[in-house]
Amino acid sequence: MYRDEKTATAEAAEDDGPHVADAETAPVLDLGHLLVSLQLTDSAFPSGFYTLSHGLEGFAQQGAVDHGSLSPLLHDVLRHGVGPADATALALAHRAAAAGDWEAVAATDRRLYATKLGRETRQAATRTGRQLLDLAAEVFGAPGVAHYHHVVTERRAPGTQAVAAGVVYAATGVPVRQAVAADLFAFCASFAGAALRLRLTDHRLAQGLLRQAAPVIEETTRAALDRGFDDLGATTFAVDVMSARHERAPARLFAS
């Protein structure tokens, strides 16, 4: 059964816990940027992101996860997989796209693609990323999105989901910190949705799973923003193994 390898979530939340600010001193949230984030992370946005289990189905097929170990598994995937890889790539791509450095965006895209060891995870990342760029170019009409969509269409970059999201968020003016946190929440919501369909949890407990992930999302966001290009890459060997087994499963609910 999967077991947590880190128990610092409570300490991190205690050290860096939310501070309630007065209405007069709280930062003003741009509602336009918030609405973009909500639209892109909505399960109704047809990028295909919510057709993925992110390795969870592989764990379920092997009997390696149950309701009690869902939360530790999600936290470790955030800290050691999505955070160092996809969230870091999103932050790097966002900054590069905002600066108009499209070669740096493409370099980040290629680097992230190379870190995905399994065929299934590479296909999932590029399928959802290309769909995101294609749809966002139409919906938002931002020149940066259209430009990078053209780069990916010409096969000059793979078009991974995280890098595509970074480009879209930058083009729509969403701040990088908000963009990373929003995409991490979308990952957690997709993970919870997969757990529901795999009957590892129910709707009420899934909401608890998401709430428990909140401090880890904050921690993972901070870490991703601090990383550089050379730090990009995941260390989730169990997820890689489960993904490889999932590719050969006789029956599957999810694309990954």
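K.L.:
Quick question: what am I supposed to make of the packing of helix α6 (residues 119-139) against helix α8 (residues 161-171) here?
P.N.:
When two helices pack together, their arrangement is given by the angle between the helix axes and the distance between those axes. Where α6 meets α8, the closest approach of the two axes is 7 Å, and the angle between their N-to-C directions is 20°. Considered as vectors, α6 and α8 are oriented roughly parallel to each other. Across from Ala-125, Thr-128, Gly-129, Leu-132, Leu-133 and Ala-136 in α6, the residues of α8 making contact are Gln-161, Ala-164, Ala-165 and Val-168. Residues of the contact of α6 with α8, tallied by class, amount to 7 nonpolar, 3 polar and no charged.

K.L.:
Got a minute to help me understand helix α5 (residues 102-115) in this structure?
P.N.:
Side chains of residues three or four places apart in an α-helix project in the same direction, reflecting 3.6 residues per turn. Relative to the 20 Å expected for 14 residues at 1.5 Å per residue, α5 spans 20 Å between its end C-alpha atoms, a close match to the ideal helical length. All buried positions along α5 are accounted for by Val-105, Ala-106, Thr-108, Asp-109 and Leu-112. Along the long axis of α5, the arc covered by the buried residues comes to 160°, so they all point the same way. Across from the buried face of α5, at angles greater than 90 degrees, the exposed residues are Glu-103 and Ala-114. Of the surrounding secondary structure, the elements contacted by the buried residues of α5 are α4 (67-98), α7 (143-153) and α8.

K.L.:
Just checking my understanding: could you explain the packing of aromatic side chains for this structure?
P.N.:
For the structure on display, the rule yields 2 aromatic pairs. Relative to Tyr-148, the ring of Trp-102 has its centre 6.1 Å away and its plane inclined at 20°; by these criteria the two rings are stacked. One end of the pair, Trp-102, is in helix α5; the other, Tyr-148, is in helix α7, with 46 residues separating them in the sequence. Judged by relative accessible area, Tyr-148 falls into the buried class, the value being 0%. Taking the ring centre of Phe-229 as reference, the NZ or CZ of Arg-111 above it sits at 5.0 Å.

K.L.:
Before we go on, may I ask you to explain unusual backbone geometry in this structure?
P.N.:
Among all residues save glycine, negative phi is the norm, and among peptide bonds the norm is trans. Despite not being glycine, Arg-155 shows a phi value in the positive range, around 65°. Inspection of the secondary structure assignment puts Arg-155 in the loop between α7 and α8. Residue Arg-155 is classed as exposed on the basis of its relative accessible area, which comes to 60%. Phi angles above zero are rare outside glycine, and Arg-199 is one such case at about 60°. Its location among the elements puts Arg-199 in the loop between α9 (176-197) and α10 (203-226).

K.L.:
Looking at this model, I keep getting lost on the side chain of Thr-41. Mind explaining?
P.N.:
In this structure, Thr-41 sits in helix α2 (residues 31-41). Owing to a relative accessible area of 15%, Thr-41 belongs among the buried residues under this scheme. A polar contact of 3.4 Å, which involves the side chain of Thr-41, links it to the backbone oxygen of Leu-38.

K.L.:
I keep staring at the packing of α4 against α8 and nothing clicks. Help me out?
P.N.:
One can describe the packing of α4 onto α8 by two numbers: an axis separation of 7 Å at closest approach and a directional angle of 40°. By the angle class used here, α4 and α8 are oblique. You can see that α4 and α8 cross each other, and the crossing is right-handed. Counted together, Asp-86, Ala-89, Leu-90, Ala-93, His-94, Ala-97 and Ala-98 of α4 and Ala-162, Val-163, Ala-165, Gly-166, Val-167, Tyr-169 and Ala-170 of α8 form the full contact between these two elements. Tallied by class, residues from the contact of α4 with α8 come to 11 nonpolar, 2 polar and 1 charged.

K.L.:
How should I be thinking about the pattern of salt bridges in this particular structure?
P.N.:
Two side chains carrying opposite charge are able to pair once their charged atoms lie near each other. Overall, the coordinates contain 4 salt bridges when judged by the stated rule. With a shortest N-O distance of 2.7 Å, Arg-110 and Glu-103 are connected by a salt bridge.

Criteria and cut-off values
- Residues numbered from 1 in each chain as written.
- Predicted model: local features only at pLDDT ≥ 70, side-chain atom pairs only at ≥ 80, totals over all residues.
- Heavy atoms only, no water.
- Axes fitted to C-alpha atoms, helices over the stretch in contact; angles between N-to-C directions.
- Helix = DSSP H or I, 4+ residues; strand = E, 2+ residues; numbered from the N terminus.
- Parallel < 35°, antiparallel > 145°, perpendicular 65-115°, else oblique.
- Contact = heavy atoms within 4.5 Å.
- Nonpolar A, V, L, I, M, F, W, Y, C, P; charged D, E, K, R; others polar.
- Expected span 1.5 Å × (residues − 1).
- Buried < 20%, exposed > 50% of the residue type's maximum accessible area, 1.4 Å probe, protein only.
- Arc of directions from axis to C-beta.
- Phe/Tyr/Trp six-rings, centres within 6.5 Å; stacked < 30°, edge-to-face > 60°.
- Lys NZ or Arg CZ within 6 Å of the ring centre and 35° of its normal.
- Polar contact = N/O pair within 3.5 Å; in protein donor to acceptor, adjacent residues only side chain to side chain.
- Left-handed = near helix turned anticlockwise from the far one by under 90°.
- Salt bridge = Lys/Arg side-chain N within 4 Å of Asp/Glu carboxyl O.

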